[in-house]
Amino acid sequence: MIQRTIVTVILVLTVALWVAAGPLRAQDDPLALADFSQREAADAGDPYAAYNFVLPVFGGPRQSEATLQAVIPYLEIAYEGWRQGNADEQIYAAYAARQIGQALQNVSEYVESLNWLSRCVRILLPNLTLPEYEVQLAVCYEDMAIALQGLERHRDSLPYLDQARRIYRANIGIIPEMEFAIANALLNEGVGLDGMKRFREAIGVYDDALEFFEKSEGVRAEISAAYVANNIGVSYWRLKEFESSEAWIKRALPVMEKIDGPLADSTGKARMNIGIVISETGRYDEAIQWGMSAMPYIAANRTQSLSDQRWLFEMLSRAFAAKGNRERAIFFGKMAVNAQQELRAINASISDSGTEELRAEWRRLYQSLADLLIEEGRISEAQAVLNMEKEEEVFEFLRRDGGADLTGTRAILTDDELSVESKLAVLAQIPIKAEQELRALYVKLDAGTATEAEEDQLFLLEDALQVATDEFDAAVEDFLVQVANQAERAGMAAQFDAVGAYQDVLAGLERPTAILQVAALDEAVHLFLTLPGVTLHEETPIPKGELGRQVLDALQLIEEARSPDAEAQLQALYDAVFEPVRDALEEAGTEVVMLNLEGFLRYIPFAALHDGQGYLVESFAFSLYSTAVPTQFARGARVAEKAAGFGVTRAHPGFSPLPGVAHEIETIFAAQDGQGVLLGDAVLDEGFDTRSLRKVLMRKPGILHIASHFALRPGQEDDSFLLLGDGTHLSLSAIRQKRAFRFQGVDLLTLSACQTARGGDGSEIDGFGATAQLNGASAVMASLWPVADAATPILMQDFYHGMIIEGLDKAEALRRAQVAMLQGDGQGAGATRAAESMDDDQGEAGFAHPYFWSAFVLMGNWL
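Bear in mind the structure is a predicted one, so any value in this text is a computation, not a measurement.

**A short note on the packing of helix H5 (residues 110–124) against helix H6 (residues 131–150)**
Next up, step 1: Running from N to C, H5 and H6 cross one another at 160°; their axes reach a closest spacing of 9 Å. Relative to H6, H5 is oriented roughly antiparallel. The two elements H5 and H6 meet at a crossing, and its hand is left-handed. Within the contact between the two elements, H5 uses Tyr-110, Ser-113, Leu-114, Leu-117, Ser-118, Cys-120, Val-121 and Leu-124 and H6 uses Tyr-133, Gln-136, Leu-137, Cys-140, Tyr-141, Asp-143, Met-144, Ala-147, Leu-148 and Gly-150.
Next up, step 2: Looking at the contact of H5 with H6 residue by residue, the class counts come to 13 nonpolar, four polar and one charged.

Below, the structure is given as structure tokens:
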């Protein structure tokens, strides 16, 4: 967003990078400008040859990302070859280290850039025998300041800039262009002051730099003045003086377009900045147009532009949200978060304290995206986004996935959003392709190798670039007027008309049962309660967005903090979605409540809702029911021998080991000790593969118990999968599409895995459990959050004991197992292991917290 420059200092062996000077001239070979006569010796490790091989690259136009990555290994060869040499060679090593640091800085690797620039400083400090070396030290200091600013450590950057400016001033009249270097340092000091929110001071410093550049002659002074003008505009934007801001940036843009070119980073930044400023004035359509015009710069410089992507995509997200287009707002909000996540990942080697400024400055991106997702009822995605912002806390609370590496996680784009992303990429390539062809000829022209025919072609391509730019503008216009592809939640209206069908279902059940349908609309929550012979309607005046936030808060208090404050939040949810129908349920003598829920409401652990006196599980059994999933309500045979189990205990790429699964399977399935309830076969790890699962399904087991990891990518069924014991992935799409994974004959499929009931927006078709039910399973038990290793064997053994030994229906068996754990009466065989592995988490309350017992939900045939 802000322009920074690195002063060019010509010394014996160096041509420094001038970050914002010159257009990007892309070519197929990133080293096309290199001196290939030096290549063989360079590859053999000769430091002089390595340096001279890439030296022409730095004398050419602005380097692309590919070029920067290609030259760094040769600069490293030069550095390693010189750093142990004589005094002159050590100075050369310092030059190489500085250029490596600058190159890394230009691909957003700020931490590594600081490391290399520090090497440069350490070499130069004891060897300041010439004025040129002093100035080289000053350049390193200035580069270090720019890297610190990239990490949002603006306060730390100012002392380095002050030192650099002192050295430049001391060498006026000794080294050429020191006045220019001082003005350049002032420009970068303004960036630091702006980052510290000292905006008026920043403008004053910018004015000093601008005064020098405007008095100077030449293209370099003209473009530097444009950079300063852009930055002054940014500071006025931060001061909310939008008219002045817009005027300053629009003053800078034509100069950048003329000198740097239409696809240069400076031009892209200025266009983006104009969009950001005018969006603040409510001119959202115009702001979006300006923002989209910066997309080719983003596409051509994906890593270099990460810092700018955050600003651009945040602006586009806010603009689309203001226009009421939440789908596009969410899409660009995810893009902004992902740019921030990539910056964090690239600079992950720095300590947490060193990146706190980077996190704090951009925390709003996560919160804004989460708010948008909550408004749309996409609670699971909102929670994932908030978890990304506080990854360290996630490590503490996700015990089953405690070894998982969350560094570099991303906001997952749904299939629809990936389609939008692809359209944007194609759109942005229209001018890029023409400009690349043009720049390839510029390289030949500059090298003196262009033929006369190629010179003629160059003029034609310059005209073609304007045509391509016009095509791009038209494509942007078409993109923006397209209606957003929003997936409708089909079936809600049909559900409201299903009262007769509900009565038929209730008439065939053996226990007093009710169907509670909850619908969260924009301004209120509607409760439709179907009892035998009557349907009642109640309304709670709570907007959908507010209810979504309550659900998210409850899940976080349960799943992450295991906080005693969860009870109050669960009581608030009780008041909203259950209290209005409580009296009617009790008057009817209801024992089982079948929940017909849509969207994020499926994430509510109804068993754990609190009425101020106790949890609902102490009064009612619950199951999930949907008209979208055909269900035959009939009691299946309770045959302990017709059971099968699978589990994963070992670590696999991206997944931590699950040592508790072995004990879980041993507790549930009877082995030589005869302690388990289920008598079928159970296998772990390598024995759990696609073939073994297919063989078991062919035998149609009555009960199938699977304990493993589940990776959920909301909205992307190809990338959502169950981890098998041999490390392979069984995706949702494979289960849904292949006949080999039919669950006919399975009366109960228990998925003791992480978040197997949770989808991206709560819709039934997103979860693994609902997919299995659609594929023939009579009932599915799945979890709303990662389950606790210590508690799960106890709950499962009590649950299966109730089903098999006591002959209870599934809903009542689950209710009694949950109540037993809540009250500390669980009889399962997991108590010893629980004391060993979860002692700190249990405390005096044992497993009474809802985290331990309310994760599991029953779907489908609860009999």
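**Description of the packing of aromatic side chains**
Next up, step 1: Tallied over the entire structure, the rule returns 26 aromatic pairs.
Next up, step 2: On the basis of an interplanar angle of 70° and a centroid distance of 6.0 Å, the ring pair of Phe-578 and Phe-622 is categorised as edge-to-face. Of the two residues, Phe-578 is situated in the loop between helix H26 (566–577) and helix H27 (579–587) and Phe-622 in strand S5 (residues 621–624); the sequence distance between them amounts to 44 residues. Considered together, Phe-578 and Phe-622 belong to a single accessibility category, that of buried residues.
Next up, step 3: One aromatic cluster in this structure is built from Tyr-574, Phe-578, Phe-606, Phe-620 and Phe-622.
Next up, step 4: Across the ring face of Trp-116, the terminal group of Arg-119 is positioned such that the distance to the ring centre comes to 4.0 Å.
Next up, step 5: In this structure, Arg-364 is placed above the aromatic ring of Trp-311, and the distance from its NZ or CZ to the ring centre is 5.3 Å.

**Here's the deal with the confidence of the model for the chain**
Next up, step 1: In this model, the chain carries an average pLDDT of 78, and 73% of its residues clear a pLDDT of 70 or more.
Next up, step 2: Here helix H34 (residues 831–837) stands out as the least confident element of the chain, with mean pLDDT 28; helix H33 (residues 810–822) is the most confident, with 95.
Next up, step 3: Across residues 482–499 the pLDDT falls below 50, and counting only partners more than four positions away or on other chains, this stretch makes 22 contacts in the model.
Next up, step 4: The low-confidence segment residues 827–844 (pLDDT under 50) makes 32 contacts with residues lying over four places distant or belonging to another chain.

**Some thoughts on a negative patch on the surface**
Next up, step 1: A cluster of acidic residues, Glu-538, Asp-575, Glu-579, Asp-583 and Glu-587, forms a negative patch on the protein surface.
Next up, step 2: Ranked by the residues each element gives to the negative patch, the list is headed by H27, at three residues.

Analysis parameters
- Residues numbered from 1 in each chain as written.
- Predicted model: local features only at pLDDT ≥ 70, side-chain atom pairs only at ≥ 80, totals over all residues.
- Heavy atoms only, no water.
- Axes fitted to C-alpha atoms, helices over the stretch in contact; angles between N-to-C directions.
- Helix = DSSP H or I, 4+ residues; strand = E, 2+ residues; numbered from the N terminus.
- Parallel < 35°, antiparallel > 145°, perpendicular 65-115°, else oblique.
- Left-handed = near helix turned anticlockwise from the far one by under 90°.
- Contact = heavy atoms within 4.5 Å.
- Nonpolar A, V, L, I, M, F, W, Y, C, P; charged D, E, K, R; others polar.
- Phe/Tyr/Trp six-rings, centres within 6.5 Å; stacked < 30°, edge-to-face > 60°.
- Buried < 20%, exposed > 50% of the residue type's maximum accessible area, 1.4 Å probe, protein only.
- Lys NZ or Arg CZ within 6 Å of the ring centre and 35° of its normal.
- pLDDT = per-residue confidence, 0-100.
- Patch = residues over 30% accessible without salt bridge, like charges linked within 9 Å, V, L, I, M, F, W, Y side chains within 5 Å.
- Areas by Shrake-Rupley, 256 points an atom, 1.4 Å probe, with all protein chains shown as cover.
- Salt bridge = Lys/Arg side-chain N within 4 Å of Asp/Glu carboxyl O.
- Lys, Arg positive; Asp, Glu negative; His and termini not counted.
- Charge placed at Lys NZ, Arg CZ, Asp CG, Glu CD.

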